[in-house]
Amino acid sequence: MLRCVIIGYGFLGKRLAKLLAAGAVEGVKLVGVASSKGYIYEESGLTLVDLPDELQSSRALKPSPAIELIDRGLTDLLVELTPTNIRDGEPGLSHIKLALEHGIDVVTANKGPIALAYDELMELAEETGSMLLHEATVGGGIPLISLKNRCLAADELLSIKGILNGTTNYILSRMHFEEMTLELALREAQMLGIAERDPTLDLEGIDTALKLVILANSLMNAGKKLSDVKIKGITGITSEAIAAAKESGMTIKLIGTADENGLRVAPKLVRLNDPICVHGTLNAVSFNFKILRRLTIIGEGAGESTISALLNDIYEVVKARARSSRT
Ligand code: HSE
């Protein structure tokens, strides 16, 4: 049984903890959950009744830093779900580094550490023989990373183009179809729980840029940083601009592109019949492979669907560790 600890007890952390405590992945025992308030830990495994809505309301709460769970060797698998911090990746970056240094496998949805320190973290994982899986950082439940690494590993990915942010896509869709204002549509997106805690990260295109860096580095070996991305968000998009696009059978979408000219994020005119022209909270990514050519994948890029990616990465770790214990 792999002893699993979840750090970050927000939208994703709470839902994932409940699923793991209910036995969603065979071979995994949830022993700890942590937030900035402290942690609860039970060596024999946490059950559903041990998991409160708010961690601070648990009588079992130990008001100590989450990092203790890693440092004291109380886990074999860390699921890192603290909020994305684009300045220095903390506290997630330190949690992930420490876990990998101890040979502990890591699954994460935290974009900060993966976008800021991908190469360094992967080297560390390689050195210590640990796994670092991050499917949930990009495209929510859409298996973008597994798709390339499993089904298309022998082909070469030449470029990526897509809608990688559900919040801005929801806003632009509401502006296009309902003639709603950007401000009102943003409020709706916030109510759906898909916007970042600081929604300027969505609106200014930074969330899309982070995801583009992650995809370019992990699928194209691009070695890019956030500062390499030319970024323009959607705050300047007016109702008039959307109406004009609509008249000519087009709309405006926030598009992230990674190709031989570098990485960029900007609002673009897109034909309504283009395969990447999806609406609402959907994401769509068009890969261009050397042999396969164009492959477009569409799905929910935020919220609940992200749990599917986390569960699958956890399952991958269990499978790999079961294999290595047999050899
Ligand atoms: N704010 C992000 C989005 C969440 O709207 O896509 C998922 O990364």
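On a predicted model such as this, the values are computed, not experimentally measured, just so you know. (Residues numbered from 1 in each chain as written. Predicted model: local features only at pLDDT ≥ 70, side-chain atom pairs only at ≥ 80, totals over all residues. Heavy atoms only, no water.)

Caption draft 1: Expanded view of the overall build of the protein. Helix and strand counts for the protein stand at 11 helices and 12 strands. Overall size of the protein, expressed as C-alpha extent along the three principal axes, is 65 × 45 × 30 Å. In the protein, 68% of the contacts between residues at least 6 apart in sequence involve partners at least 24 apart. On the protein, roughly 14,600 Å² of surface is accessible, and the fraction owed to carbon and sulfur atoms is 51%. (Helix = DSSP H or I, 4+ residues; strand = E, 2+ residues; numbered from the N terminus. Contact = heavy atoms within 4.5 Å. Areas by Shrake-Rupley, 256 points an atom, 1.4 Å probe, with all protein chains shown as cover.)

Caption draft 2: Spatial organisation of the domain arrangement of the protein. Considered domain by domain, the protein is made up of domain 1 (2-141 + 305-326) and domain 2 (145-300). Averaged C-alpha coordinates put domain 1 and domain 2 at centres separated by 27 Å. Each partner contributes to the interface: domain 1 provides 17 residues, whereas domain 2 provides 19 residues. Across the interface of domain 1 and domain 2, roughly 1,600 Å² is buried in total on both sides, 63% from carbon and sulfur atoms. Ranking the residues of domain 1 by area buried against domain 2 places Ile86, Lys111 and Val138 at the top, with a combined share of 33%. The tally of links from domain 1 across to domain 2 stands at three salt bridges. With a closest N to O distance of 2.5 Å, Lys111 and Asp207 form a salt bridge. Inspection of the region where domain 1 meets domain 2 yields seven residue pairs in polar contact (both at pLDDT 80 or more). For the side of domain 1 that touches domain 2, the element with the most residues is helix H4 (residues 111-128), which contributes five residues. Partitioning the side of domain 1 that touches domain 2 into residue classes produces six nonpolar, seven polar and four charged. (Domains from an automatic or database assignment. Buried area = accessible area lost by both parts, 1.4 Å probe. Salt bridge = Lys/Arg side-chain N within 4 Å of Asp/Glu carboxyl O. Polar contact = N/O pair within 3.5 Å; in protein donor to acceptor, adjacent residues only side chain to side chain. Nonpolar A, V, L, I, M, F, W, Y, C, P; charged D, E, K, R; others polar.)

Caption draft 3: Broad picture of the side chain of Asn169. Positionally, Asn169 belongs in helix H6 (residues 166-177). From its side chain, Asn169 meets the backbone oxygen of Val278 in a polar contact 3.0 Å long. Beyond its immediate sequence surroundings of up to four residues, Asn169 is in contact with Ile163, Lys253, Val278, His279, Gly280 and Leu282.

Caption draft 4: Main features of the site of the ligand. If you check the shell around the ligand, you find Lys111, Asn165, Gly166, Thr167, Ile194, Ala195, Glu196, Asp202, Asp207, Lys211, Gly301 and Ala302 and nothing else. Between the ligand and Asn165 there is a distance of 3.5 Å, counted from an oxygen atom to a side-chain nitrogen or oxygen. Taking Ile194, its main chain carries an N or O atom lying 2.8 Å from a nitrogen atom of the ligand. When the ligand is considered free in solution it has 260 Å² of accessible area, and contact with the protein chains removes 90% of it. Structurally, the ligand is housed in the largest pocket. Residue assignment for the shell around the ligand shows that the elements contributing at least two residues are H6 and helix H9 (206-220). Split into classes, the residues belonging to the shell around the ligand amount to three nonpolar, four polar and five charged. (Near = heavy atom within 4 Å. 1 Å grid on protein atoms, 1.4 Å probe; cavity = no way out; pocket = protein on both sides within 12 Å on 5 of 7 lines; lining within 4 Å. Sits in = over half its atoms within 2 Å of the grid points.)

Caption draft 5: Structural context of the layout of surface pockets. Counted as a void, the largest pocket has a volume near 1,100 Å³. Around the largest pocket, the lining comprises 45 residues; the ones closest to its centre are Leu81, Thr82, Pro83, Thr84 and Arg197. Those elements that provide at least two residues to the lining of the largest pocket are helix H1 (11-21), H6, helix H8 (200-203) and H9. The dominant element in the lining of the largest pocket, judged by the number of residues it contributes, is H1, at three residues. Here the lining of the largest pocket is built from residues that sort into 18 nonpolar, 19 polar and eight charged. Reported here for the second largest pocket is a volume of approximately 340 Å³. (Points joined across faces, edges and corners; volume = space filled by probe spheres on them.)

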